[in-house]
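Working through the structure, step by step
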Amino acid sequence: MPSLASVHSQLDSQDLSAICQTAVETGRNNAFNLWVMGASLDKVLSALVSAIESASEDLRCSIMLMNPDGKSMSSLVGPSMPRDYMQAVDGIEIGPTVGSCGASAYLREAVVVPDIQNHPNWAPYKTLCHKAGLRACWSSPIFASDGRVLGTFGMYYSTVREPTPQDLELIRIEASIASLIIEKMQASEQLSQAKRDLEQQVQKRTRELTQSNKKLRLALAQRSEVQQHLLEIENLASLGSMMSSLTHEVNTPIGVAVTAASHLRGQLHKTNQLFEQNKLTRSALRAFYEESAEAMQIIERNLQRSAELVSTFKQLSLDQHNQEIRSFNLSSYVGEILLSLKPKLKYHKLQFCLDLDPDLEIDSYPGAISQILVNLIMNTVQHAFEQGQPGQVHLNVRLHKGQLELQFKDNGKGMSRETLSHVFEPFFTSARQTGGSGLGLHICKDLVEKVLKGKIACQSSPGQGSLFNISFPV
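**With respect to the overall build of the protein**
Looking only at helices and strands, one finds 13 helices and 13 strands in the protein. Taking the intrachain contacts of the protein between residues at least 6 apart in sequence as the baseline, contacts between residues at least 24 apart amount to 65%. For the protein, the accessible area works out to roughly 26000 Å², and carbon and sulfur atoms hold 54% of it.

Set out below in structure tokens:
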């Protein structure tokens, strides 16, 4: 396709009258100005066609545009053409014998028909053309830069007419100008459409992403809520276990106190009988005083032990339900935790080896530490050993540079690499058939990282037991 500069030089070289050349130049300039101002394609080409028509009293022009199928054309512009005619040929299929424009697009060359009424190409359209006052038609294909046919440029006359060489050159040049305008504007429209499509796609993806984020936030909120409920259930289960242990532990000192009180009541009844019978001797009275004092000591000591046990279990319960920081003796606290698990551990032959400073006082979250140790111990009971299998659990604790370092190790059956990679994931368990929920170690990780602001890691291999390393600031 010729450049705009070459089109100018070709047009200037034509032997046209000054008036005709001025009209064509003016129309071309108007068309280009409209193009630059962003006018639509039909308005730009209408300006080009109208100027050419003004150069001849009997000339009417039309431009037809090839449809995407490449087999038919649509009427694009024809400012002076009869409306009925333009509507009739709109969508016409191209072919070697289809009028002038249809044949020109198909043959890819100019097609000149001086007399429509006597030309076989126009046989189906004779009546239509006669009614529209069209007698001659010359048509030239409009080529894209890649050789595609974009459409046709047609020139119509009301009388039989043969074109001069200048006429043929003019139609060729105007077809080239139309080609330049059509191709550039189509490319611009395609670019604009691609931009609109991209914007719509971005908006669609943004909406989808927004919806996905909403669903994700909702799912995370629901997950957090479920985990909180499960944690409460775990705490309630621990509380139930503590109550069972409390009942077991308190039963012994209370039983002893009751026995002592019963014995004291018996001695009191016996001494009272002797007194009523005037048989109470000094030695018998002294013996009664001594046994009473001993019984009272037994009762007081065992009731005090019961009160201590109740206080201990009450503190453990409060710690598990209120994550508050306080100062406490870690060694004593670990002993209380083991005491609270006594009912669950009585059927397991586990030996606990504790290596920690009995005077170690720390400021931390006892409830979190309690829950972590309970979950680690119960995880060991469920997974590391078979029912009734003897085993050892080592708990080593040391304070180093403001960090409490806790090692929890068992000599059980250990874990495979696959199990180890999922050990802290929620709901992952290899003991679901025995009631495992898969939450124990996940809760441990959450408590260590979110409450204690520390770290937890696990090392294990089959047959070598498992080691949990926990560290957190105190």
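**Side note on the confidence of the model for the protein**
Interpretation of the predicted coordinates at a detailed level should be avoided for regions scoring low in pLDDT. Looking at the protein, pLDDT values average 82 and 83% of them are 70 or higher. For the stretch residues 1-16, pLDDT sits under 50, and the model shows 30 contacts to residues farther than four places along the chain or on other chains.

**Quick look at empty space enclosed by the protein**
All told, the structure shown has 4 cavities of 30 Å³ or more when counted by the stated rule. In this structure, the largest cavity occupies an estimated 80 Å³ of space. Contributing to the lining of the largest cavity are Met64, Tyr85, Val89, Ile92, Val98, Gly99, Ser100, Cys101, Gly102, Trp122, Tyr125 and Tyr156. Contributing elements (two or more residues each) for the lining of the largest cavity: helix H4 (83-89) and helix H5 (101-107). When the residues that make up the lining of the largest cavity are grouped by side-chain class, the tally is 9 nonpolar, 3 polar and no charged.

**Considerations on the environment of Ser80**
Assignment of secondary structure puts Ser80 in the loop between strand E2 (72-77) and H4. Put simply, Ser80 and Cys61 are 19 residues apart on the chain and 7.1 Å apart in space, counted from C-alpha to C-alpha. Contact partners of Ser80, with chain neighbours within four places excluded, come to Glu53 and Arg60. Engagement of the side chain of Ser80 in a polar contact is seen with the side chain of Glu53, the distance being 2.7 Å.

**Topic: unusual backbone geometry**
With a phi angle near 60 degrees, Arg108 is a residue other than glycine that sits in the positive phi range. Tracing the sequence through the fold places Arg108 in the loop between H5 and strand E4 (111-113). Positive phi, normally seen in glycine, also occurs at Lys453, with a value near 60 degrees. When its relative accessible area of 59% is taken as the criterion, Lys453 is described as exposed.

Definitions and cut-offs
Residues numbered from 1 in each chain as written. Predicted model: local features only at pLDDT ≥ 70, side-chain atom pairs only at ≥ 80, totals over all residues. Heavy atoms only, no water. Helix = DSSP H or I, 4+ residues; strand = E, 2+ residues; numbered from the N terminus. Contact = heavy atoms within 4.5 Å. Areas by Shrake-Rupley, 256 points an atom, 1.4 Å probe, with all protein chains shown as cover. pLDDT = per-residue confidence, 0-100. 1 Å grid on protein atoms, 1.4 Å probe; cavity = no way out; pocket = protein on both sides within 12 Å on 5 of 7 lines; lining within 4 Å. Points joined across faces, edges and corners; volume = space filled by probe spheres on them. Nonpolar A, V, L, I, M, F, W, Y, C, P; charged D, E, K, R; others polar. Polar contact = N/O pair within 3.5 Å; in protein donor to acceptor, adjacent residues only side chain to side chain. Buried < 20%, exposed > 50% of the residue type's maximum accessible area, 1.4 Å probe, protein only.

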